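Descriptive structure summary
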Amino acid sequence: MPSDPDLVVLKNATLQRDGRPVWRGLQASIRAGEFVAVLGPNGAGKTSLLKVLLGLLPLTSGSAYINGQAPERGNNQIGYIPQQKSFDPLLPIRGWDLVELGINGHKFGLGGKRQATKLVKQAIEAVGATDYASVPIGLLSGGEQQRLRIAQALVGEPSLLLCDEPLLSLDLASQSKITGLLNDYRQQNNAAVLFVTHEVNPILPYVDRILYLANGHWLIDTPQRVLQSRTLTKLYGSPVDVLRVHNRVLVVGADDEALTAAGVHHAHEQDIGDAH
């Protein structure tokens with residue numbers, strides 16, 4: 001067990017699927033209060049990394065720790081926002097009930113129900129879902145459901161937020177509100193955020209480092225250092241160009257489809273600095 005003060009530690013972590021490495025030798029530490037974006041093409045193992053930290057998927061080799069402990073299911077230090085999936089229209093639970101599931105029932109002791117109700121109410125208000133929190137969850141739109149999932153992740157006051165494409169189904173204004181909310185939460189609670197995304201632009205103003213996964217390889221560094229032509233060319237093993245177009249950064253290469261899925265399009269030039 002490490003004595004490292006970092007909240008998340010991955011040591012020589014390797015994950016294989018069907019005998020082939022998804023990523024190998026991953027070395028990364030994430031500090032409390034840090035915002036880390038996870039980028040890469042489809043199939044690069046971004047969601048799998050979150051599953052490892054949730055205790056749902058074992059590493060093939062190496063180790064992972066959360067606050068000095070091996071990952072385990074039901075860790076109440078973690079708030080998890082899954083990928084968007086619609087609920088059954090006949091599901092008989094309200095939005096409020098979904099958020100309440102994020103509360104650890106034994107956390108508050110005597111008087112816990114009153115405190116839990118207060119936290120649920122605050123979380124729902126924070127994501128702007130008050131008007132429809134009493135509606136059956138399956139009757140809500142995808143964006144409304146996603147706001148309530150985010151409220152569920154925050155209500156337990158976690159020290160680590162694992163976010164798997166949480167901005168899907170949200171319009172630009174809602175994306176801005178939600179990313180600002182998540183950033184405010186991590187600053188106010190010194191929480192770490194690990195944010196898987198295919199569109200880095202909405203979160204780029206808040207990102208401290210990028211963990212980029214591609215072709216079984218990985219790189220973790222600041223956005224200024226990761227989002228460069230020479231860096232991504234080395235990672236992909238084929239020519240990649242980072243271009244400035246109308247105050248935006250575009251990434252193009254021989255395999256444009258894979259690069260489109262890599263999540264680095266539409267990043268603001270002023271946010272990234274000098275990309276070459």
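Before reading further, recall that the structure is shown in the block above.
First things first, this report covers the structure right here in the doc. Predicted model, so just to flag it, every value in this text is computed and none were measured.

Scoring rules and cut-offs
- Residues numbered from 1 in each chain as written.
- Predicted model: local features only at pLDDT ≥ 70, side-chain atom pairs only at ≥ 80, totals over all residues.
- Heavy atoms only, no water.
- Pairing = 2+ DSSP bridges.
- Helix = DSSP H or I, 4+ residues; strand = E, 2+ residues; numbered from the N terminus.
- Axes fitted to C-alpha atoms, helices over the stretch in contact; angles between N-to-C directions.
- Contact = heavy atoms within 4.5 Å.
- Phe/Tyr/Trp six-rings, centres within 6.5 Å; stacked < 30°, edge-to-face > 60°.
- Expected span 1.5 Å × (residues − 1).
- Buried < 20%, exposed > 50% of the residue type's maximum accessible area, 1.4 Å probe, protein only.
- Lys, Arg positive; Asp, Glu negative; His and termini not counted.
- Salt bridge = Lys/Arg side-chain N within 4 Å of Asp/Glu carboxyl O.
- Polar contact = N/O pair within 3.5 Å; in protein donor to acceptor, adjacent residues only side chain to side chain.
- Arc of directions from axis to C-beta.
- Core = buried A, V, L, I, M, F, W, Y, C linked by side-chain atoms within 4.5 Å.

1. As for the sheet that holds strand β2 (residues 20-30)
The strands making up a sheet are joined through hydrogen bonds of the backbone, oriented either antiparallel or parallel. Strand order across the open sheet formed by three strands is β2-β1-β4, with antiparallel pairing between neighbours. The sheet is open, and its two borders are formed by β2 and β4 (61-66), each paired with just one other strand. Each strand of the sheet is rotated relative to its neighbour by a mean of 25°, with strand direction disregarded. Across seven bridges, the pairing between strand β1 (residues 8-17) and β2 is antiparallel. Within β2, the residue paired with arginine 17 across the bridge is arginine 20. Running at roughly 120° to β1, helix α1 (residues 46-53) makes contact with β1, β2 and β4 of the sheet.

2. Concerning the packing of aromatic side chains
Enumeration according to the criterion identifies three aromatic pairs in this entry. A ring pair is formed by phenylalanine 35 and tyrosine 206, whose centres lie 6.5 Å apart and whose planes are at 35°; its orientation type is tilted. One end of the pair, phenylalanine 35, is in strand β3 (residues 35-39); the other, tyrosine 206, is in the loop between β7 (192-196) and β8 (209-214), and 171 residues separate them in sequence. Among the aromatic side chains, those forming a connected cluster through ring pairs are Phe35, Phe195 and Tyr206.

3. With respect to helix α5 (residues 172-189)
With 18 residues, α5 extends 26 Å between its outermost C-alpha atoms, agreeing within 8% with the 26 Å of an ideal straight helix rising 1.5 Å per residue. Residues of α5 that are buried: Ser174, Gln175, Ile178, Thr179, Gly180, Leu181, Leu182, Asn183, Tyr185 and Arg186.

4. Side note on the side chain of aspartate 164
Assignment of secondary structure puts aspartate 164 in strand β6 (residues 160-164). Here aspartate 164 occupies a buried position and makes no salt bridge, while the nearest side chain of opposite charge, lysine 51, is found at 7.2 Å. In this structure the side chain of aspartate 164 is engaged in a polar contact, spanning 3.3 Å, whose partner is the side chain of glutamine 83. Not counting residues up to four positions away in its chain, the partners in contact with aspartate 164 are Thr47, Leu50, Tyr80, Ile81, Pro82, Gln83 and Val196.

5. A few points about helix α7 (residues 229-236)
Every buried residue of α7 is listed here: Ser229, Thr231, Leu232, Leu235 and Tyr236. When α7 is viewed along its axis, its buried side chains cluster within an angular range of 165° and face the same direction. When the buried face of α7 is taken as reference, the exposed residues oriented beyond 90 degrees from it are Arg230 and Lys234. A positive backbone phi angle near 75° is found at glycine 237, which sits one or two residues after α7.

6. Some thoughts on the nonpolar core
Soluble globular proteins tend to bury their nonpolar side chains together. Ranked by size, the top nonpolar core spans 49 residues in total, and within it Leu148, Leu182 and Tyr212 carry the most contacts. If one sorts the elements of this core by residue count, helix α4 (residues 142-155) sits on top with six residues. With 30 residues, the next largest nonpolar core counts Leu26, Ala64, Leu162 and Leu213 among its residues.

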